[in-house]
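# Coordinate inspection notes
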Amino acid sequence: MDKRIYLIDITYGLVGNSPEIRMFGVDEDGRKVVVLDRGFRPYFYVIPEEGFEEQVAKAAGRMQGVVKAEVVDRRMFGKPIKAVKVTVTIPEKVRELRDRVKSIQHVKDVLEADIRFYIRYMIDNDIRPGWLMFSNLRPTDVKMGRVSNVYITEEPPRSLSIGAMPKLSYMALDIEVYNPRGTPDPRRDPVIIIALANHMGDVKLLTLDRYRSERDMFNEFNAIVDEWDPDVVFGYNSNKFDMPYLVNRANAINAKLQLSRYGTPPEQSVYGHWSIIGRAHIDLYNFVEDMTDVKRKSLDYVAEYFGIMKRSERVNIPGHRVYQYWDDEGKRDLLIKYARDDVVSTLELGRRLLPYAMQLASVSGLPLDQVGPASVGARVEWMIMHEAYKMGELAPNRVERPYETYRGAIVLEPKPGVHRNIAVIDFSSMYPNIMLKYNISPDTLITNGAEGDYYTAPEVGFKFRKSPRGLYTVLLQELIEARREAKSEMSKYPEGSPEWVLLNERQRALKVMANAMYGYCGWLGARWYIREVAESVTAWGRHLLKTAINMAKERGLSVIYGDTDSLFVTYDKDKVDELVGKINEMGFEVKIDKVYSKLIFTESKKRYIGLTVDGDIDIVGFEAVRGDWSELARNVQERVAELVLKSSVDEAVKYVRSVIDDLRNYRFTLDDVIIWKTLDKDVDEYKALQPHVIAAKRLIEKGYMVGKGDTVGFVIVKDGGDKLTQKAYPYIFVDDVKRIDIDYYIEKQVVPAALRILEVFGINEATLLGKTGRSILDYFS
DNA sequence: TAACCTAATAGTCAA
DNA sequence: TGTTGACTATTAGGTTAG
């Protein structure tokens, strides 16, 4: 029987002394199915000393639990190598046998013993999460949890790269917890609301007051999940909060938590992920984390960013007040509405982000529920592992390496001042294209003398074989080809249709992964890390940009600025077009990215503001686009930029003065003055106690769990003490703007942000503060 | 002792 | 647990002027 199935979750179980791969998915009609494959066994590789291959294979083959040990031909960093492939009975035996095999005489190394069994199955059969084509399915009576459509396959499926959006059922989950002492403790504090929403528009709000016991509420929760039977479960920060809390709370009160298709609780899995067997649990926070444009990552801000729900339209309850709203029966409905807003936002966010998550899973090869929590390095590495398998290249083991660094890109000194009519010329995907063109890869680097024809990297002199193509190069070529395919397929569908959206997310995921290849090759933790590889990429990049600069100058174009892969030049259309044409002839794609009618540089690199010929305002690098400045300062700077570009410097000065006046008269909200900063480590590890660290300590004092990775929102108050740090308080502890230190916000936020742009025009602090003339102090300085 | 200087620390953005 | 380059605020810890 032939069948197409969209893979949702993959795991394995044991049948006697044999492993059984279990693939949960939906068929083309949206029916939930499981396919079992009993024809695959785990294995790893042993690298013997030269000449001892057969001897080692025989010794390994005699070991209990080993099914087969055979000598095979593989490659290691491009060089042919003889390895012993040791196949074992069940995945649980791999670790033990790996250690025993290591002690066999004449064994140099053991490789690929750290690859999870179901991932191994996917790599070896070139399976990616997505549509799978099964050509030899047999129905069986075996029940797999609550799924009744169970099949056994006689052969592994074939992965289809493109296909329609599957008919998935999904739900979102959000819990509220009683927390009178700050951060709740699952051993003590009950879950008071479980909010659920599904793709059919059903919303269920389970509130503790409507049940005889918390256990009854959990049972109702189990029953709803069973009835809805979602393929995908969305949460927001659910890997760090909801899932562990539910699991720990269920244990504490001895309640059942039956969320998986086996009827079991969520289990902690790789990358800090909580897995729900048979479904894909997706924590949307993981995807929002990667979006650099989204500065505030809490659900209310994110929902607003995506146009799902305005913050002004939702009930806003500070986390530490949740218990008060619960205790006060007059306010309890507000809390319930709050939970509803959160779960509905989460569901909609999930609907929007799911296509990208599916494509990122497909491209990286990681299961749908793991790809989010996996690091960029892990995503790229598994993608490479798939390619390496196809090329017969063995995966090196992970090793700790001492810190080392290498030279990066060129950044030109900008010409400060106002420029008119400037074109920005950009290299498209510069680093991937450099890697492709010069065949830069760990397996093409020449390490011992010349081997045929090669490319030599400028400045650093490292050499790369021209042929055969390397691991990275082949992969990059495939990514580019797949992207071309996705784009051409896309054009067959109306913009915004489900197929179009899915293909658009596919081409986006392919681009993201191609661009991540360079970062991966310079990552110390990479299996295939070779410093010379990363160093050569940037060396060629510098060379390329320098060449482009010279070519521009030769044509009489004035170069205003440049950074890594971009060049800002006077827009003389004919000359620029000719330049672009000439660089393209060199085999690198460049294009005019945008044209500014007015562009302003200060003396700083990586910072500029510009007015495009289309009338858009760009602000790059400045405080206005930074998440660690108050909204007040960011808004002022943004408006100053706009006025300077579209109106006049005088107007901008007037505007800044009016803002200062508003401040002095307390015409602002608390939200305007919150400063947000991320804690990159736990509070005790800091050497310098900066304001946000003190604010974090104040939160901890009140019982909050604040630590590494959390973002602290604080304000500067005037009644705290002499030192700035003393005056930094978490904004949730301040409810009156009269407590705010106005002078700090004027002198350290608004004025510097405004001056950053206005000082180009000779404006100084005194002008902004309305101090005309010279003060007595000026004579002394 | 206040004023001043500099290095170190820390976070965020550009590419 | 993707890279280097760059800017900026603030603290920490001194030295200096008076």
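The rules behind each value
Residues numbered from 1 in each chain as written. Chains lettered and ligands numbered in written order. Predicted model: local features only at pLDDT ≥ 70, side-chain atom pairs only at ≥ 80, totals over all residues. Heavy atoms only, no water. Helix = DSSP H or I, 4+ residues; strand = E, 2+ residues; numbered from the N terminus. Rg over C-alpha atoms; globule rule 2.2 N^0.38 Å. Buried < 20%, exposed > 50% of the residue type's maximum accessible area, 1.4 Å probe, protein only. Pairing = 2+ DSSP bridges. Axes fitted to C-alpha atoms, helices over the stretch in contact; angles between N-to-C directions. Contact = heavy atoms within 4.5 Å. Phe/Tyr/Trp six-rings, centres within 6.5 Å; stacked < 30°, edge-to-face > 60°. Lys NZ or Arg CZ within 6 Å of the ring centre and 35° of its normal. Near = heavy atom within 4 Å. Polar contact = N/O pair within 3.5 Å; in protein donor to acceptor, adjacent residues only side chain to side chain. Nonpolar A, V, L, I, M, F, W, Y, C, P; charged D, E, K, R; others polar. Salt bridge = Lys/Arg side-chain N within 4 Å of Asp/Glu carboxyl O. pLDDT = per-residue confidence, 0-100. Parallel < 35°, antiparallel > 145°, perpendicular 65-115°, else oblique. Left-handed = near helix turned anticlockwise from the far one by under 90°. Patch = residues over 30% accessible without salt bridge, like charges linked within 9 Å, V, L, I, M, F, W, Y side chains within 5 Å. Areas by Shrake-Rupley, 256 points an atom, 1.4 Å probe, with all protein chains shown as cover. Lys, Arg positive; Asp, Glu negative; His and termini not counted. Charge placed at Lys NZ, Arg CZ, Asp CG, Glu CD. Core = buried A, V, L, I, M, F, W, Y, C linked by side-chain atoms within 4.5 Å.

Let us now look at the overall build of chain A. Across its full length, chain A carries 22 helices and 29 strands. At 30 Å, chain A has a C-alpha radius of gyration in line with the 28 Å of a compact globule built from 781 residues. Considering only C-alpha atoms, chain A reaches an extent of 95 × 80 × 55 Å along its principal axes. The buried share of chain A, taken over its 781 residues, is 55%.

Turning next to the sheet that holds strand S29 (residues 728-730). The 3 strands lie next to each other as S27-S28-S29, forming an open sheet whose pairing is antiparallel. In the strand order of this sheet, the two ends are held by strand S27 (675-678) and S29, each with one partner. With strand direction ignored, the average angle separating the axes of adjacent strands in the sheet is 45°. Of the strand pairs in this sheet, strand S28 (residues 711-716) and S29 are connected by 3 bridges, and their pairing is antiparallel. Across the sheet, isoleucine 716 pairs through a bridge with alanine 728, a residue of S29. Contacts from helix H19 (residues 691-701) reach S27, S28 and S29 within the one sheet, and its direction differs from that of S29 by about 45°. Sheet strands touched by helix H20 (residues 742-758): S27 and S28. Its angle to S28, the strand with the most contacts, is close to 120°.

The next subject is the packing of aromatic side chains. Under the defined criterion, the tally for this structure stands at 29 aromatic pairs. Measuring from centroid to centroid gives 5.3 Å for tyrosine 438 and tyrosine 455, while their planes differ by 80°, and the two rings are edge-to-face. In this pair, tyrosine 438 is assigned in the loop between helix H11 (430-437) and strand S20 (454-456) and tyrosine 455 in strand S20, connecting sequence segments 17 residues apart. Between phenylalanine 568 and tyrosine 608, the aromatic rings sit 5.1 Å apart at their centres with planes inclined by 75°, giving edge-to-face as the arrangement. Of this pair, phenylalanine 568 sits in strand S23 (residues 566-570) while tyrosine 608 sits in strand S25 (residues 608-612), and the two are 40 residues apart along the sequence. On the basis of relative accessible area, phenylalanine 568 is assigned to the buried category, the value being 1%. Through a chain of ring-to-ring contacts, three or more aromatic side chains come together here, namely Tyr438, Tyr455, Phe464, Trp540 and Phe588. Taking the ring centre of tryptophan 326 as reference, the NZ or CZ of arginine 332 above it sits at 4.3 Å. The ring of tyrosine 655 carries arginine 639 above its face, with NZ or CZ at 6.0 Å from the centroid.

Right, let's talk about the protein's contact with DNA strand B for a bit. Surveying the vicinity of DNA strand B reveals 21 residues, the closest of which are Asp565, Gly621, Gly627, Lys681 and Tyr686. Between DNA strand B and lysine 295 there is a distance of 2.9 Å, counted from a phosphate oxygen to a side-chain nitrogen or oxygen. Interatomic distance of 3.2 Å between a side-chain N/O atom of aspartate 680 and a phosphate oxygen of DNA strand B. Taken together, the residues that form the surface near DNA strand B break down as 6 nonpolar, 5 polar and 10 charged.

This paragraph deals with the sheet that holds strand S19 (residues 417-427). Across the sheet, which stays open at both edges, the 6 strands sit in the order S22-S23-S19-S24-S25-S26 with antiparallel pairing between neighbours. This sheet does not close on itself; its edge strands, each paired only once, are strand S22 (559-563) and strand S26 (617-620). When the angles between neighbouring strand axes are averaged without regard to direction, this sheet yields 30°. Examined bridge by bridge, S19 and strand S24 (residues 590-601) share 10 bridges and lie antiparallel to one another. The partner of isoleucine 422 across the bridge, within S24, is tyrosine 596. Contacting S19, S22 and S23, helix H14 (residues 531-554) runs over the sheet at an angle of about 10° to S23.

This brings us to the pattern of salt bridges. Scanning the entire structure with this criterion turns up 64 salt bridges. The partner of arginine 146 in a salt bridge is aspartate 226, and the shortest N-O contact between them spans 2.8 Å. With arginine 146 in the loop between strand S9 (137-140) and strand S10 (149-153) and aspartate 226 in helix H4 (residues 214-228), the pair connects residues that are 80 residues apart, well separated along the chain. Residue arginine 146 is classed as partly exposed on the basis of its relative accessible area of 34%. Shared partners join several salt bridges into a network, and the residues in it are Lys32, Arg146, Asp226, Asp229, Asp231, Arg261 and Arg279.

Fine structural detail should not be taken from predicted coordinates in areas where pLDDT scores are low. The share of residues in chain A with pLDDT of 70 or more is 98%, and the mean pLDDT across the chain is 95. Low confidence marks residues 773-781, where pLDDT is under 50. Its contacts with residues over four positions away, or in another chain, come to 1 contact.

Taken together, 26 residues sit near DNA strand C, with Gly377, Thr405, Gly408, Lys605 and Tyr744 positioned nearest. Of everything in DNA strand C that lies within 4 Å of the protein, sugar and phosphate atoms constitute 90%. At 3.3 Å from a phosphate oxygen of DNA strand C is found a main-chain nitrogen or oxygen belonging to valine 376. Per element, the largest residue contribution to the surface near DNA strand C is 3 residues, and it comes from H20. Its residues placed into classes, the surface near DNA strand C shows 11 nonpolar, 8 polar and 7 charged.

A few words on the pairing of strand S14 (residues 203-207). Direction of pairing for strand S13 (residues 191-198) relative to S14: antiparallel, over a ladder of 5 bridges. Residue alanine 195 lies in a different strand from S14, and its bridge partner there is leucine 205.

Bringing unusual backbone geometry into the picture now. Following serine 467, the chain continues into proline 468 via a peptide bond in cis, with omega recorded as -5°. Looking at the secondary structure, you find proline 468 in the loop between strand S21 (463-465) and helix H12 (471-490). Of note in the backbone geometry, asparagine 421 takes a positive phi value of approximately 60° without being a glycine. Asparagine 421 sits in the partly exposed class, given a relative accessible area of 35%. Within the chain, threonine 564 stands out as a residue other than glycine whose phi angle is a positive 65°. Tracing the chain through its elements places threonine 564 in the loop between S22 and S23.

The next point concerns the packing of H11 against H12. Running from N to C, H11 and H12 point in directions that differ by 125°, and their axes come no closer than 9 Å. Taken together, the axes of H11 and H12 lie oblique to each other. Relative to H12, the crossing made by H11 is left-handed. Contacts between H11 and H12 involve Pro432, Asn433, Met435 and Leu436 from the former and Tyr472, Thr473, Leu476, Gln477 and Ile480 from the latter. In the contact of H11 with H12, the residues fall into 6 nonpolar, 3 polar and no charged.

Okay, a negative patch on the surface next. A cluster of acidic residues, Asp682, Asp684, Glu685 and Asp710, forms a negative patch at the surface. Mapped onto the secondary structure, aspartate 684 falls in the loop between S27 and H19. Classification of aspartate 684 by relative accessible area gives exposed; the value is 69%.

Further remarks concern the nonpolar core. Counting residues in hydrophobic clusters, the biggest one holds 177 residues, and the most contacted among them are Phe221, Leu349, Ile434 and Tyr472. In terms of residue count, the dominant contributor to this core is helix H9 (residues 332-364) (15 residues). Excluding its chain neighbours within four sequence positions, the residues that come into contact with phenylalanine 221 are Leu173, Ile194, Leu196, Leu206, Leu246, Leu257 and Leu259.

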